[in-house]
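Chain by chain, the residues:
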Amino acid sequence: MTDVLVLNGPNLGRLGSREPDVYGVLDHAGLTAAIGQWADALGLTAEVRQSDDEAELVHWLHEAVDARRDVVLNPAAFTHYSYALRDAAAQVTTSGLRLIEVHLTNPATRERFRHNSVIGGVATGTVAGFGTDSYRLALAALVEA
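Per an unreviewed UniProt entry, the protein chain goes by the name 3-dehydroquinate dehydratase and belongs to Occultella glacieicola. You can read under Catalytic activity (unreviewed entry) in the UniProt record for the protein chain the words "3-dehydroquinate = 3-dehydroshikimate + H2O". According to its UniProt record, the protein chain has this under Pathway (unreviewed entry): "Metabolic intermediate biosynthesis; chorismate biosynthesis; chorismate from D-erythrose 4-phosphate and phosphoenolpyruvate: step 3/7."

Pasting the structure below:
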């Protein structure tokens, strides 16, 4: 089985209560359970983590490189400006691992400041705009690629 680390950035721990009209009504625990089911069905093992702390996310990306784990990353607000997270994500892909950037919404259809991703340029691929299915599609991409 391929071991995947699924990392969620700031405010994603508030899923279900934070702007449910934008991000949906499923809470983070429900998302974690769904990811586990999707991963299992695809023959993957997935560990889901969430942090509002940029340094912790950077550390987890370094951990993924050291443990040789592919990554599904929803950088959330850090998408647009965290060069520290970008550099850590680049270490994942330059080490021969895959990193799929995911977003529940499509940033290109939202406020202008959300249009730029500093992560996208170093990611293996990006899946955005499909709600929680963005995670399912990212996991499937890891199996099919």
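**Some words on the UniProt feature "active site" (unreviewed entry) in the protein chain**
According to UniProt, the positions carrying the feature "active site" (unreviewed entry) are Tyr23 and His103. With residues up to four places along the chain from it excluded, the contact list for His103 reads Asn74, Pro75, Thr79, Thr126, Val127, Ala128, Gly129, Phe130, Gly131 and Ser134.

**What about helix H5 (residues 133-144)?**
In this model, H5 (12 residues) spans 16 Å end to end at C-alpha, consistent with the 16 Å of a helix rising 1.5 Å per residue. Inspection of H5 places Ser134, Tyr135, Ala138, Leu139, Ala140 and Leu142 among the buried residues, and these make up the whole buried set. Against the buried residues of H5 lie strand E1 (2-8), helix H2 (28-41), strand E2 (44-50), strand E3 (70-74), strand E4 (99-103) and strand E5 (125-128).

**With respect to the pattern of salt bridges**
On inspection of all chains with the given rule, the structure shows seven salt bridges. The partner of Asp87 in a salt bridge is Arg86, and the shortest N-O contact between them spans 3.3 Å. The class for Arg86 is partly exposed, based on a relative accessible area of 28%. Counted as one network, the salt bridges with shared partners bring together Asp3, Glu47, Arg49, Glu63 and Arg69.

**Section: the packing of aromatic side chains**
This structure, assessed with the given rule, holds one aromatic pair. On the numbers, 5.9 Å between centres and 70 degrees between planes, the contact of Phe78 with Tyr81 is edge-to-face. Classification of Phe78 as buried rests on a relative accessible area of 7%.

**Some words on the nonpolar core**
Of all hydrophobic cores here, the largest spans 22 residues; its most connected members are Leu7, Leu61, Val71, Leu85, Val92, Leu99 and Ile119. Of all elements in the fold, only E1, helix H3 (54-67), E3 and helix H4 (83-94) reach the threshold of two or more residues within this core. It is H3 that provides the largest number of residues to this core, a total of six residues. Other than its neighbours up to four places away in sequence, Leu85 contacts Glu54, Leu57, Val58, Leu61, Pro75, Phe78 and Ile119. Val4, Leu12, Trp38 and Ala39 belong to the second largest nonpolar core, which has 20 residues in total.

**A closer look at the sheet that holds E1**
Read from one edge to the other, the open sheet built from five strands follows the order E2-E1-E3-E4-E5, with strand pairing classed as parallel. One side of each edge strand has no neighbouring strand; the edge strands of this open sheet are E2 and E5. The mean angle between the axes of side-by-side strands here comes to 20 degrees, regardless of whether they run parallel or antiparallel. Bridge count for E1 against E3 is five bridges, and the pairing is parallel. Along E3, the bridge assignment pairs Val4 with Asp70. Of the strands in this sheet, E1, E2, E3 and E4 touch H3, which is tilted by about 170 degrees from E1.

Reading the values: rules and limits
Residues numbered from 1 in each chain as written. Predicted model: local features only at pLDDT ≥ 70, side-chain atom pairs only at ≥ 80, totals over all residues. Heavy atoms only, no water. UniProt positions renumbered as here; feature names shortened; annotations may be inferred. Contact = heavy atoms within 4.5 Å. Helix = DSSP H or I, 4+ residues; strand = E, 2+ residues; numbered from the N terminus. Expected span 1.5 Å × (residues − 1). Buried < 20%, exposed > 50% of the residue type's maximum accessible area, 1.4 Å probe, protein only. Salt bridge = Lys/Arg side-chain N within 4 Å of Asp/Glu carboxyl O. Phe/Tyr/Trp six-rings, centres within 6.5 Å; stacked < 30°, edge-to-face > 60°. Core = buried A, V, L, I, M, F, W, Y, C linked by side-chain atoms within 4.5 Å. Pairing = 2+ DSSP bridges. Axes fitted to C-alpha atoms, helices over the stretch in contact; angles between N-to-C directions.

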